[in-house]
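This is what each chain is made of:
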Amino acid sequence: MREYLDTLDNAAFGAATEVPPKFSSHADPASQWTGAQKCPAFFAYADNYLINTDHAAILDVEATRAVRQAETGVARTMIDRTLARFGLYPGALVADTARGSAEMLGWLVYEHGIERYISVFNKSKRRDGCFEKADFIYDHDADT
């Protein structure tokens, strides 16, 4: 029981984000309420795999809450763990847009020299009432 409760404080689960979940499962509080598949929402985990694409070999697997911050953080963990276990260090990383945050791309490219094949996480066009990038126009002459 102690091990399970400690997991809730792990960076891949409860500590992944400071935002409290809208719903919690009484049976499994580490799971995440998600509607990411554009279907009715449900409690779930995310499976994250680090795969050597040259040899089609799974090098590491880690489950996280189904929240982008957890999935991004665990990518770093799996890269570090694969280096420690197997002495393998990637020259490039292919991933989905969830890993395309500025923080993650900076960690990959500038801190570790890993070439990235990841779409940049782009929120320039919003549909949730927030300001969009186009709402801000820079006036060079007035510097505003």
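Here's what I pulled together on the structure shown here. Since we're looking at a predicted model, the values are computed, not measured.

Here the focus is the packing of aromatic side chains. Applying the stated criterion across every chain yields a total of 2 aromatic pairs. Ring geometry for Phe131 against Phe136: centres 5.6 Å apart, planes inclined by 65°, an arrangement best described as edge-to-face.

This paragraph deals with the pairing of strand S2 (residues 42-52). With 3 bridges joining them, strand S1 (residues 32-34) and S2 adopt antiparallel strand pairing. Bridge pairing in S2 links Trp33 to Phe43. Examined bridge by bridge, S2 and strand S3 (residues 57-65) share 8 bridges and lie antiparallel to one another. Each bridged residue has a counterpart across the sheet, and for Leu50 the counterpart in S3 is Asp60.

As a volume, the second largest pocket reaches approximately 640 Å³. Contributions of two or more residues to the lining of the second largest pocket are made by S2, helix H2 (68-86) and strand S4 (92-95).

A word on the sheet that holds S2. Strands belonging to one sheet form pairs held by backbone hydrogen bonds; the direction of such a pair is parallel or antiparallel. Judged by pairing direction, the sheet is antiparallel, and its 3 strands sit side by side in the order S1-S2-S3 without closing on themselves. Only two strands of the sheet have a single neighbouring strand rather than two, namely S1 and S3. Between one strand axis and the next, the sheet turns through 55° on average, direction left out of account. The strands touched by H2 are S2 and S3; relative to S3, the strand with the most contacts, the crossing angle is about 145°.

Our next topic: the pattern of salt bridges. Inspection of every chain in the model, using the stated rule, returns 4 salt bridges. Between Arg85 and Asp60 there is a salt bridge, with the nearest N and O atoms lying 4.0 Å from each other. One end of the pair, Arg85, is in helix H2; the other, Asp60, is in strand S3, and 25 residues separate them in sequence. Assessed through its relative accessible area of 52%, Arg85 is described here as exposed. Owing to a relative accessible area of 5%, Asp60 belongs among the buried residues under this scheme. With its nearest N and O atoms 2.7 Å apart, the salt bridge here joins Glu62 to Arg81. Taken together, the positions of Glu62 in strand S3 and Arg81 in helix H2 put the pair 19 residues apart, joining distant regions of the chain. A relative accessible area of 22% places Glu62 in the partly exposed class. According to the relative accessible area criterion, Arg81 is partly exposed, its value standing at 21%.

Conventions and cut-offs
Residues numbered from 1 in each chain as written. Predicted model: local features only at pLDDT ≥ 70, side-chain atom pairs only at ≥ 80, totals over all residues. Heavy atoms only, no water. Phe/Tyr/Trp six-rings, centres within 6.5 Å; stacked < 30°, edge-to-face > 60°. Pairing = 2+ DSSP bridges. Helix = DSSP H or I, 4+ residues; strand = E, 2+ residues; numbered from the N terminus. 1 Å grid on protein atoms, 1.4 Å probe; cavity = no way out; pocket = protein on both sides within 12 Å on 5 of 7 lines; lining within 4 Å. Points joined across faces, edges and corners; volume = space filled by probe spheres on them. Axes fitted to C-alpha atoms, helices over the stretch in contact; angles between N-to-C directions. Contact = heavy atoms within 4.5 Å. Salt bridge = Lys/Arg side-chain N within 4 Å of Asp/Glu carboxyl O. Buried < 20%, exposed > 50% of the residue type's maximum accessible area, 1.4 Å probe, protein only.

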